[in-house]
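In case you want the letters, here they are:
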Amino acid sequence: MSIKVSLVGRPNVGKSTLFNRLVGKRLALVDDTPGVTRDRREGEAKLGDLTFIAIDTPGLEEAPEAALEGRMRRQTDRAVEEAVVCLFIIDARSGVTPLDQTFASILRASGKPVILLANKAEGAAADAGLYDAYGLGLGEPIAISAEHGEGMGDLYNAIEPFLSEMSEEDGEEDIAWDDPLKPLRVAIVGRPNAGKSTLVNKIIGDDRLLTGPEAGITRDSISVEWTWRGRDRDWPVKFFDTAGMRKKARVQSKLEKLSVADSLRAIKFAEVVVLLLDSESPFEKQDLQIADLALREGRALVIAVNKWDLVEDKDTRIKSLREMAGRLLPQAPGAPIIPLSAMTGAGLNRLMPAVTTVYVDWNARVKTSDLNDWLHEAVSRHAPPAVSGQRIKIRYIAQTKTRPPTFVAQCTRAEDLPAAYKRYLINGIRQAFDINAVPIRLILKKPDNPYAKDKSRR
Ligand code: GDP
Ligand code: GDP
């Protein structure tokens with residue numbers, strides 16, 4: 001599938017530099033059909049786990065001055081038309097120029113979503129231009145340095161929703177988890193001092209050097225690869241850790257503030273999120289914020305409770321942790337809770353089995369016929385309410401997506417269906433199909449036309 005993202009901007013703002021960073025050494029699919037696309041480059045871009053086709057329009061500086069604007073305009077129009085989202089790049093060092101304004105109005109008129117990038121933002125010389133950029137009316141600029149690879153995490157966060165929206169529309173996606181070569185991406189998140197770095201070091205072995213940052217991703221996200229020898233198979237795993245590993249370079253007060261945003265970044269990269277709590281102070285506000293972010297992003301969650309070596313009455317404590325999890329995180333009723341000690345290694349052998357179990361849940365696929373049998377029974381056991389005299393009808397349900405499992409049901413007056421009934425349905429799906437630990441999404445849609453109803457997959 002080729003989702004296109006266009007790089008737009010006047011010459012010299014750094015489009016090619018960004019293009020090269022995104023496409024890297026992967027063979028650029030340079031399209032050199034004579035006369036048509038000679039001065040445009042397309043290439044398979046990678047940013048974290050996102051892949052898309054980047055379109056650049058280089059080489060225009062070399063054109064004669066008079067010809068410049070018309071050709072630039074045509075190139076831009078075409079690149080914009082093909083893209084799902086445009087990256088509009090300005091040079092933060094020179095501020096907003098009249099030509100930038102021209103490009104901005106072309107983009108605004110196109111109606112395409114635009115991500116505004118203020119490039120060359122390394123160092124303080126860029127601050128004024130960054131401020132200027134707000135005035136373009138294209139939303140908040142993202143400061144990047146294409147040359148130095150800064151701001152790539154923010155760029156990832158900005159692009160990701162457009163690409164995942166596309167794949168939702170596409171419905172079926174590839175099942176990635178049975179690809180034995182593809183590492184399972186796990187983020188270890190939690191408050192500062194929860195023990196994240198100790199944990200990762202213990203898992204991979206203290207003697208292994210932490211690699212990172214990955215080229216082309218971000219300096220802020222550190223990852224390390226490792227293989228877990230599970231019972232049935234080997235699992236390549238890629239851990240993402242956040243501020244924990246870098247905290248020595250940081251000021252303590254800043255750390256507190258940054259850790260939620262840092263966690264979000266790691267969460268975006270991850271498939272499974274391990275929330276590491278400190279057994280001395282579990283489920284604090286920041287822990288819950290991070291868990292909520294992970295679940296809202298649709299990630300599978302494992303709760304690990306660290307420093308278990310310090311806990312005296314372990315039986316009582318685990319009971320109270322379970323109670324707290326149920327009460328404070330009702331969105332993920334079955335998320336496993338794993339007490340462990342990153343320092344001594346006690347309990348560590350239970351972590352990876354939990355991670356792979358929730359991962360399998362996250363990839364769960366339910367047959368349409370089984371779902372509809374279940375729906376029929378659920379609705380007859382407990383019918384949806386009537387609204388102003390008319391009973392709401394739910395007729396048909398199908399799973400449209402995995403990772404996390406997402407279901408679409410056809411429902412008359414969907415907007416009137418009480419939240420409690422929706423919860424009843426979601427919990428029913430959990431129980432009937434044994435999908436416990438991960439977020440489940442249920443989308444209620446007005447019935448399509450009757451002819452579409454017989455399709456078994458939508
Ligand atoms: P394009 O014409 O928009 O494709 O721009 P280029 O990618 O060719 O870049 C124009 C100039 O800006 C080159 O000299 C780059 O080295 C420089 N440049 C690109 N990105 C950055 C950056 O992040 N910081 C700085 N300081 N210079 C950059
Ligand atoms: P991070 O900020 O989450 O990466 O936390 P660190 O890994 O740097 O750990 C913070 C502190 O907790 C350090 O002093 C660790 O030695 C300590 N610590 C980590 N894990 C354990 C554990 O299982 N038990 C005990 N008692 N202390 C631990």
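Every chain's residues receive numbers from 1 upward, in the order its sequence appears when written. Lettering of chains starts at A and numbering of ligands starts at 1, both following the order in which they are written. Predicted model: local features are reported for residues with pLDDT of at least 70 only, side-chain atom pairs are reported and counted for 80 or more only, and whole-chain, interface and lining totals are derived from all residues. Derived side-chain values reflect all non-hydrogen atoms in the structure, with water molecules and hydrogen atoms excluded from consideration.

A short note on the sheet that holds strand β17 (residues 441-445)
If you trace the three strands from one edge of the open sheet to the other, you get β15-β16-β17, paired in mixed fashion. With one partner strand each, in any of the chains shown, β15 (394-401) and β17 form the two edges of the open sheet. Within this sheet the neighbouring strands show an average axis-to-axis angle of 25°, counted without direction. Strand pairing is assigned whenever DSSP identifies at least 2 bridges connecting the two strands. Here a helix means four or more residues in a row that DSSP labels H or I, a strand means two or more in a row labelled E, and each is numbered from the N terminus. Across five bridges, strand β16 (residues 406-411) lies against β17 in parallel orientation. Its bridge partner being in β17, Ala409 is matched across the sheet by Leu444. Contact criterion: two residues are considered in contact whenever any of their non-hydrogen atoms come within 4.5 Å of each other. Axes, fitted as lines to C-alpha atoms, cover a helix only where it is in contact. Angles between the N-to-C directions of the axes lie from 0 to 180 degrees. Contacting β15, β16 and β17, helix α12 (residues 419-433) runs over the sheet at an angle of about 130° to β17.

Considering the site of ligand 1
Nearness is judged by heavy atoms alone; a residue qualifies as near a molecule or strand once a single heavy atom is within 4 Å of it. Neighbouring residues of ligand 1: 15 residues in total, closest Asn12, Ser16, Thr17, Glu122 and Glu147. In this structure, Asn12 approaches ligand 1 through a main-chain N or O atom, which is 2.7 Å from an oxygen atom. With respect to ligand 1, the backbone of Val13 contributes an N or O atom lying 3.2 Å from an oxygen atom. In the complex, 77% of the free accessible area of ligand 1, which totals 580 Å², lies under the protein chains. Among the elements that take part in the shell around ligand 1, helix α1 (residues 15-23) stands out by supplying three residues, more than any other. In protein, a polar contact means a hydrogen-donor-capable atom and an acceptor-capable atom, both N or O and within 3.5 Å, with residues adjacent in sequence counting only if both atoms are side-chain atoms; elsewhere, any N or O pair within 3.5 Å suffices. Shrake-Rupley sampling with a 1.4 Å probe provides the accessible areas, and residues are treated as covered by the protein chains on show and by no other component.

Topic: the packing of aromatic side chains
Here a ring pair, both rings aromatic, is described through the centre-centre distance and the interplanar angle of the planes. Pairing of aromatic side chains here covers Phe, Tyr and the six-membered ring of Trp, requires ring centres within 6.5 Å, and sorts the geometry by plane angle: under 30 degrees stacked, over 60 edge-to-face, intermediate tilted. Scanning all chains against the criterion turns up five aromatic pairs. Centroid distance Tyr359 to Trp362: 6.1 Å. Interplanar angle 35°. Geometry classified as tilted. In this pair, Tyr359 and Trp362 both sit in helix α10 (residues 351-362), three residues apart, roughly one turn of the helix. Of the two residues, Tyr359 and Trp362, neither departs from the other in class, the shared state being buried. Judged by centre distance (5.2 Å) and plane angle (55°), the ring pair of Tyr421 and Tyr424 falls under tilted. With Tyr421 and Tyr424 both in helix α12 and three residues apart, this pair spans about one turn of that helix. Owing to a relative accessible area of 5%, Tyr421 belongs among the buried residues under this scheme. Think of it in three bands: residues with accessible area under 20% of the maximum for their type are buried, residues over 50% are exposed, and the middle band is partly exposed, with areas taken using a 1.4 Å probe on protein chains only. Judged by relative accessible area, which is 22%, Tyr424 ranks as partly exposed. An aromatic cluster is built from Trp235, Tyr359 and Trp362, whose rings are joined through pairwise contacts. The rule for a charge over a ring is simple: NZ of Lys or CZ of Arg within 6 Å of the ring centre, and within 35 degrees of the ring normal. One cation-aromatic arrangement involves Arg233 over Trp235; the distance from NZ or CZ to the ring centre is 3.8 Å.

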